[in-house]
Amino acid sequence: MTDAAFAPARDPATDFATDGPELASLIAAKLCHDFISPSGAIMSGLDLLNDPTAQDMRDDALSLITDSAKKMVALVQFCRVAFGAATTSERFTGDELTALVDGVVAGGRATLEWRLDGRDFAKPAARALVNLAYLTVAALPSGGTAVVSTRRDGTDVVIEGVAEGARARLKPEATEGLAGRRLSEGLAGQWIQPFWLWLTARDAGGTLDVDVTDGRVEITARMPS
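Read on for an overview of the structure.

The rules behind the values
Residues numbered from 1 in each chain as written. Predicted model: local features only at pLDDT ≥ 70, side-chain atom pairs only at ≥ 80, totals over all residues. Heavy atoms only, no water. Axes fitted to C-alpha atoms, helices over the stretch in contact; angles between N-to-C directions. Helix = DSSP H or I, 4+ residues; strand = E, 2+ residues; numbered from the N terminus. Parallel < 35°, antiparallel > 145°, perpendicular 65-115°, else oblique. Left-handed = near helix turned anticlockwise from the far one by under 90°. Contact = heavy atoms within 4.5 Å. Buried < 20%, exposed > 50% of the residue type's maximum accessible area, 1.4 Å probe, protein only. Core = buried A, V, L, I, M, F, W, Y, C linked by side-chain atoms within 4.5 Å. Phe/Tyr/Trp six-rings, centres within 6.5 Å; stacked < 30°, edge-to-face > 60°. Lys NZ or Arg CZ within 6 Å of the ring centre and 35° of its normal.

Our next topic: the packing of helix α4 (residues 123-138) against helix α6 (residues 188-203). Packing of α4 against α6 brings their axes to within 9 Å, and their N-to-C directions diverge by 150 degrees. In terms of orientation, α4 and α6 fall into the roughly antiparallel class. Two packed elements cross with a definite hand, and for α4 against α6 that hand is left-handed. Between α4 and α6, the residues in contact are Pro124, Arg127, Ala128, Asn131, Leu132, Tyr134 and Leu135 and Gln193, Pro194, Trp196, Leu197 and Thr200, respectively.

As structure tokens, this is what we get:
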């Protein structure tokens, strides 16, 4: 795939999902999918604690519950910024945003490095940053290094994610979402977050660029700071 710029101009082909119940239902479905694993693990741990024949596994059950509860809290905190408006903060520090992403990608195969410029971010740019960082790490299913950096260019902030690894790639659904295109086939859950990133950049008056080469994926958002 060659470098392609996805401009902020409205495209009638994508307006179907930019507002209303369809977009909301797709995001809700993704959140339910993400939350089911840690919540299910918590229930499994509670079942073990309540099983009189499994009292020798009490320590394992408590560890499972603790780890899963931490994962659930990390997901909720991430999603409040990545997808929602359920926060009174209008600006976020780099430390706040990196902690949100680190909390949900911890334990994965990829290594995430941060190179932020030290200044804070308005809510739209913060939303773009955490989603872009998450998708950069997700482009490394077999491991590698993801580097997320920011720089200021006049009144804009440029957010760049570079994923490098032996099998760095974007799924077809993610490619369509990042281009702001309607999902043609595949899983809507793999499409909605990339589309949401594109929509966030577009609605803020910004742009999104994607470049994929062998072993390397680069996603760059330019937005008002």
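Additional details are given in the paragraphs that follow.
Let us now look at the environment of Trp198. Structurally, Trp198 is set in helix α6. Owing to a relative accessible area of 4%, Trp198 belongs among the buried residues under this scheme. Separated by 66 residues in sequence, Trp198 and Leu132 place their C-alpha atoms 9.6 Å apart.

Quick look at the nonpolar core now. Counting 55 residues, the largest nonpolar core has Phe78, Leu97, Leu170, Leu178, Leu197, Val217 and Ile219 as the members making the most contacts within it. Sort the elements by how many residues they give to this core and α4 lands first, with 9 residues. If we ignore the near neighbours within four places in the chain, the residues touching Leu97 are Val81, Phe92, Phe121, Ala126, Leu129 and Val130.

Our focus in this paragraph is the packing of aromatic side chains. Taken as a whole and judged by the stated rule, the model has 4 aromatic pairs. Between Phe78 and Tyr134 the ring centres are 5.6 Å apart and the planes differ by 35 degrees, which places this aromatic pair in the tilted class. Residue Phe78 is found in helix α2 (residues 58-82), and its partner Tyr134 is found in helix α4; the two are separated by 56 residues along the sequence. Look at Tyr134 and you get partly exposed, because its relative accessible area is 24%. Where Trp191 meets Phe195, the ring centres are 4.6 Å apart and the plane angle is 20 degrees; that geometry is what we call stacked. Here the residue Trp191 and the residue Phe195 both occupy positions in helix α6, the gap between them amounting to 4 residues, near one helical turn. Its relative accessible area of 0% is what places Phe195 among the buried residues. Linked through ring pairs, Trp191, Phe195 and Trp198 together constitute an aromatic cluster. Across from the ring centre of Phe121, 4.8 Å away, lies the NZ or CZ of Arg152, which sits over that ring.

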